[in-house]
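Residue-level listing of the chains:
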Amino acid sequence: VEDDPMLLPYFVGLILVVGVVCMNLVTAVIVNSALEQAVQDKDLVRTMEESKKKKVIRDLRAIFVRLDEDSSGNVSAEEIRQISDEDRQKLADVLALQDPVELLEALDVDESG
């Protein structure tokens with residue numbers, strides 16, 4: 001630079017460009033890792049939701065098996081009226097229904113009770 005002052009703008013420009021390029025590379029790596037983490041989080045949420053749905057289905061199946069006292073494969077209105085408090089609470093939590101008879105009426109399409 002002392003011998004040829006015309007090289008000063010070249011080296012200053014080179015130093016500035018290299019700095020900006022390095023910052024862009026670091027930013028790209030950070031953004032890429034954040035996007036990969038977001039994808040993993042979505043997969044985890046989906047897996048947890050599927051697991052929760054399977055548990056709800058198992059719980060509902062167990063409740064209806066307990067309700068079917070005569071083992072006929074059908075739950076009658078009388079059987080559902082005799083639901084235990086624990087099962088009533090589980091149904092209320094899962095289905096947001098306080099009265100299990102409402103569920104029976106909603107599912108009883110042929111109105112056979």
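Residues numbered from 1 in each chain as written. Predicted model: local features only at pLDDT ≥ 70, side-chain atom pairs only at ≥ 80, totals over all residues. Heavy atoms only, no water.

### Structural notes on the overall build of the chain
For the chain, the count of helices and strands is 4 helices and 0 strands. Listing every helix and strand of the chain by position from the N terminus yields α-α-α-α. The C-alpha radius of gyration of the chain comes to 33 Å, more than 25% above the 13 Å expected for a compact globule of 113 residues. In terms of overall dimensions, the chain has C-alpha extents of about 105 × 25 × 20 Å along its principal axes. Within the chain, the proportion of its 113 residues that are buried is 14%. Looking at the chain alone, contacts between residues at least 24 apart form 35% of all its contacts between residues at least 6 apart. Across the chain, the mean location of the 12 positive side-chain charges is 5 Å away from that of the 24 negative side-chain charges. (Helix = DSSP H or I, 4+ residues; strand = E, 2+ residues; numbered from the N terminus. Rg over C-alpha atoms; globule rule 2.2 N^0.38 Å. Buried < 20%, exposed > 50% of the residue type's maximum accessible area, 1.4 Å probe, protein only. Contact = heavy atoms within 4.5 Å. Lys, Arg positive; Asp, Glu negative; His and termini not counted. Charge placed at Lys NZ, Arg CZ, Asp CG, Glu CD.)

### Brief notes about a nonpolar patch on the surface
A contiguous nonpolar surface patch, about 440 Å² in accessible area, is contributed by Leu7, Tyr10, Phe11, Leu14 and Val18. As for its position among the elements, Val18 is in helix α1 (residues 7–67). In this structure Val18 comes out as partly exposed when scored by relative accessible area, which is 43%. (Patch = residues over 30% accessible without salt bridge, like charges linked within 9 Å, V, L, I, M, F, W, Y side chains within 5 Å. Areas by Shrake-Rupley, 256 points an atom, 1.4 Å probe, with all protein chains shown as cover. Salt bridge = Lys/Arg side-chain N within 4 Å of Asp/Glu carboxyl O.)

### Here we look at helix α3 (residues 85–95)
Three or more residues of α3 are buried, namely Asp87, Leu91 and Ala92. End-on, the buried residues of α3 take up no more than an arc of 140°, which puts them together on one face. For α3, the exposed residues lying more than 90 degrees away from the buried face are Asp85, Glu86 and Asp93. At the exit of α3 stands Ala96, carrying a positive phi of roughly 60°. (Arc of directions from axis to C-beta.)

### A short note on the packing of aromatic side chains
Applying the stated criterion across every chain, the model contains 1 aromatic pair. Aromatic pair Tyr10 and Phe11: ring centres 5.2 Å apart, planes at 70°, arrangement edge-to-face. (Phe/Tyr/Trp six-rings, centres within 6.5 Å; stacked < 30°, edge-to-face > 60°.)

### Here we look at the pattern of salt bridges
Using the criterion set out here, one finds 4 salt bridges in the structure. Measuring nitrogen to oxygen at the nearest pair gives 2.6 Å for the salt bridge that ties Arg66 to Asp87. Here Arg66 is found in helix α1, whereas its partner Asp87 is found in helix α3, with 21 residues between them in sequence. Of the residues examined, Arg66 reaches a relative accessible area of 43% and is grouped as partly exposed. For Asp87, a relative accessible area of 4% gives the class buried. In this structure, Lys90 engages Glu86 in a salt bridge whose closest nitrogen and oxygen atoms are separated by 3.7 Å. In this pair, Lys90 and Glu86 both sit in helix α3, 4 residues apart, roughly one turn of the helix. With relative accessibility at 54%, the residue Glu86 sits in the exposed group.

By themselves, these observations are geometric and do not establish any function.
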